[in-house]
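An overview of the molecular structure
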Amino acid sequence: MAFRTIAELVELSAKENKPISQIMIDVESEVSGKSRQEIIKMMTRNLDIMEEAVRRGIAEPARSRSGLTGGDAVLLQTYLKEREPLSGRLLLDAVSKSVATNEVNAKMGTICATPTAGACGIVPGTLFAVAPKLNASHDQMVNYLFTAGAIGFVIANNAFISGAAGGCQAEVGSATAMAAAAIVEMAGGSAEQSSQAVAIALKNMLGLVCDPVAGLVEVPCVKRNAMGAANAMVAADMALAGIKSAIPTDEVIDAMYRIGCAMPNTLKETALGGLAATPTGRELERRIFGE
Amino acid sequence: MKYRSVFDIIGPVMIGPSSSHTAGAARIGLLARKLFGTRPKKANVTFYGSFAKTYKGHGTDIAIVGGILGFDTFDQRITQSLSIAKDSNMEVSIHVSDDIPNHPNTARIILDDGRNKKLSVCGISVGGGKMEITEVDNFPVRVTGDMPTLFVWHEDRYGLVAAVSEVLAAHKINIGYMEMARKSKGAEALMVIETDQAVSGAICKEICELSYVNRVSSTPAL
């Protein structure tokens, strides 16, 4: 059993009559020789680490070593307590938990890369907001990570998942697409709907550049994780509503790949362009690294 | 396919902030350490490309030294690696090079035990925490650390591949991938063998006793 594209993944899911998460576990078991139980146990460890990172991020207002980030998750959680958010309680909760995780990453805390550290907030952030809302079981939460993993697996093997290789559209873009698919499955949607969510999410990230201020994984990364979470939630809802992407998912991934290849190096994690090259960006760089 | 496991995507568990510049770097250091076999007295690290430009902010130096000390990507001790190295009398020197590498995240590590054991390793961090060792003692290689890997330094002679594989077969060890490199005909050579099962110290010793074999080391799956 194997899948190389989203189309193949959806086909397998239909053929085996299993959701994407279970297909991923089956394939992993076949390739690694490990049992399903062992694989689930390994993923559960990742879930625990994610939970701890979210918990730490929403409790701790402390800033990172550079002083560039930290405390925004706390601000958002306070805001959620004090008023009804315009963008919706669930959405903003997901955003705050994504921000929380990415802030912990910036502080050299322990996180789980999904698929990278720069985008590590989106999958757990959305998970820990949506799961309680849907009354998801612990098993369903672990499955969420397998669904997300299956999508990321395809994107990683057909395009890129790092800002250095393909821009932020590849890094936060992948994580956003992964989360969108996982939300759909957790909400009871089909593999086909998960696939649509991936397409809708990813096509809205195309062209997004990797322009980290001072070369650190902080600005604008934390706020990109915020919008990635928001994007994933909306894409999932659109897919669950029955909306279909005009361009098939694998073609959207390929478009992301080609755009990434066409992107100049100045916009691929070199801190030579974009926000990194703004007057304030450069000033912050000087202040942090002292020149 | 470059990525073969769901845990390449969801994972690794790591100290932030960057899977390529922190976790990937730690793994390069860790494989170098496992290959060296013992704690080195001296560790000389040179960063190229993006590593050279951003290592301070990403803690790439802290991470790679952590790896050289034997710490995995999630080990909290990574954040203190430079002072731990100092306390254990390991001499660390970090350099940057202007040379343009083949891959933007490249690091060269030279380890020395202060007597006559030296090792030079060049590694790249390919993203998502994954890395590849591209050079060992100036031999081009492709080692991902995903599987147990056996390294056999030898003199280029016929029959050596057969002799080494015979030892492995006798111990029921299956070879997944193998590559050979030599400096020139009849000169120094290196065999790199990825195996399904771990290769014990005893088996390494057995291989080392074969004629024309100079040195053997095995690294576990990282």
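Residues numbered from 1 in each chain as written. Chains lettered and ligands numbered in written order. Predicted model: local features only at pLDDT ≥ 70, side-chain atom pairs only at ≥ 80, totals over all residues.

**Some words on the overall build of chain A**
What counts, and what does not: Strands are runs of DSSP state E lasting at least 2 residues, helices are runs of H or I lasting at least 4, and numbering of each runs from the N terminus. A pair of residues counts as a contact when their C-beta atoms, built from backbone coordinates, are separated by no more than 7 Å.
What chain A contains, in helices and strands, is 13 helices and one strand. The N-to-C order of helical and strand elements in chain A reads α-α-α-α-α-β-α-α-α-α-α-α-α-α. For chain A, the C-alpha atoms occupy an extent of roughly 60 × 45 × 40 Å along the three principal directions. Here the analysis covers contacts within chain A between residues at least 6 apart in sequence; of these, 77% occur between residues at least 24 apart.

**Things to note about the interface of chain B and chain A**
Just so we agree on the cut-off: Under the convention adopted here, Pro, Cys and the residues Ala, Val, Leu, Ile, Met, Phe, Trp and Tyr are nonpolar, Asp, Glu, Lys and Arg are charged, and Gly plus all remaining residues are polar.
On the side of chain A, 42 residues touch chain B, which itself brings 34 residues to the contact. Taken together, the elements giving at least two residues each to the side of chain B that touches chain A come down to α1 (6-9), β1 (13-15), α2 (19-36) and α3 (49-58) of chain B. Among the elements that make up the side of chain B that touches chain A, the one with the highest residue count is α3(B) (six residues). Tallied by class, residues from the side of chain B that touches chain A come to 14 nonpolar, 16 polar and four charged.

**Structural notes on the packing of helix α9 (residues 168-186) of chain A against helix α10 (residues 191-203) of chain A**
Residues and elements named next belong to chain A. The criterion, for reference: Axis lines are fitted through C-alpha atoms, for helices just across the contact stretch, and the angle between N-to-C directions can take any value from 0 to 180 degrees. With respect to orientation, any angle under 35 degrees is reported as roughly parallel, any angle over 145 as roughly antiparallel, any angle of 65 to 115 as roughly perpendicular, and every other angle as oblique. When the near helix sits turned anticlockwise from the far one by under a right angle, the crossing is termed left-handed; a clockwise turn instead gives a right-handed crossing.
Following both chains from N to C, one finds α9 and α10 inclined at 150°, their axes separated by 8 Å at the closest point. Taken together, the axes of α9 and α10 lie roughly antiparallel to each other. Like other packed secondary-structure pairs, α9 and α10 cross with a definite hand, here right-handed. Residues Gly173, Thr176, Ala177, Ala180, Ala181, Val184 and Glu185 of α9 lie in contact with α10, whose contacting residues are Gln193, Ser194, Ala197, Val198, Ala201 and Leu202. For the contact of α9 with α10, a count of residues per class yields eight nonpolar, four polar and one charged.

**A closer look at the domain arrangement of chain B**
Residue and element names in this part refer to chain B. Worth spelling out the cut-off: Throughout the structure description, domain borders are defined by an automatic or database domain assignment.
Considered domain by domain, chain B is made up of domain 1 (6-143) and domain 2 (149-219). For domain 1 versus domain 2, the distance between C-alpha centres works out to 25 Å. Counting residues at the interface gives 11 residues for domain 1, matched by eight residues for domain 2. For the side of domain 1 that touches domain 2, the leading source of residues is strand β7 (residues 139-143), giving five residues. The residue inventory of the side of domain 1 that touches domain 2, partitioned by class, reads seven nonpolar, one polar and three charged.

**Details of the UniProt feature "domain: Serine dehydratase-like alpha subunit" (unreviewed entry) in chain A**
Which entries qualify depends on this criterion: UniProt positions are given in the numbering used here, feature names are shortened, and annotations may be inferred rather than shown by experiment.
Under the UniProt annotation, the feature "domain: Serine dehydratase-like alpha subunit" (unreviewed entry) is placed at residues 16-276 of chain A. Between the end C-alpha atoms of residues 16-276 of chain A there is a gap of 48 Å, over a span that is 65% helix and 1% strand.

**Details of the environment of His154(B)**
All names here are of chain B. Inspection of the secondary structure assignment puts His154 in strand β8 (residues 149-155). Separated by 33 residues in the primary sequence, His154 and Ala187 place their C-alpha atoms 8.5 Å from one another. Those residues in contact with His154 that sit more than four places away from it in its chain are Leu160, Ala189, Met191, Tyr212, Val213 and Asn214.

**A few points about the sheet that holds β8(B)**
Residues and elements named next belong to chain B. Here is the rule we go by: When DSSP locates at least two bridges between a pair of strands, those strands are taken to pair.
Taken in spatial order, the four strands make up an open sheet running β9-β10-β8-β11, and their pairing is antiparallel. In the strand order of this sheet, the two ends are held by β9 (175-182) and β11 (213-219), each with one partner. Looking at each pair of strands side by side, their axes are set apart by 15° on average, direction ignored. Sheet topology places β9 next to strand β10 (residues 188-195); seven bridges connect them, and they run antiparallel. Bridged to Ala181 within β10 is Leu190. Where helix α7 (residues 201-208) meets the sheet, it contacts β8 and β11, and its direction lies at approximately 160° from that of β11.

**Some points on the environment of Thr176(A)**
Residues and elements named next belong to chain A. Convention followed: Exposure is read from a count of other C-beta atoms within 10 Å of each residue's own; the residue is exposed at 12 or fewer, buried at 20 or more and partly exposed in between. C-beta atoms are placed from the backbone.
On the secondary structure map, Thr176 appears in helix α9. Taking the number of C-beta atoms within 10 Å as the measure of exposure, Thr176 has 33 and is therefore buried. Here the alpha-carbon distance between Thr176 and Asn204, two residues 28 residues apart in the chain, equals 9.9 Å. Residues within four places of Thr176 in sequence aside, it is in contact with Ile122, Ala201, Met205, Gly228, Asn231 and Ala232.

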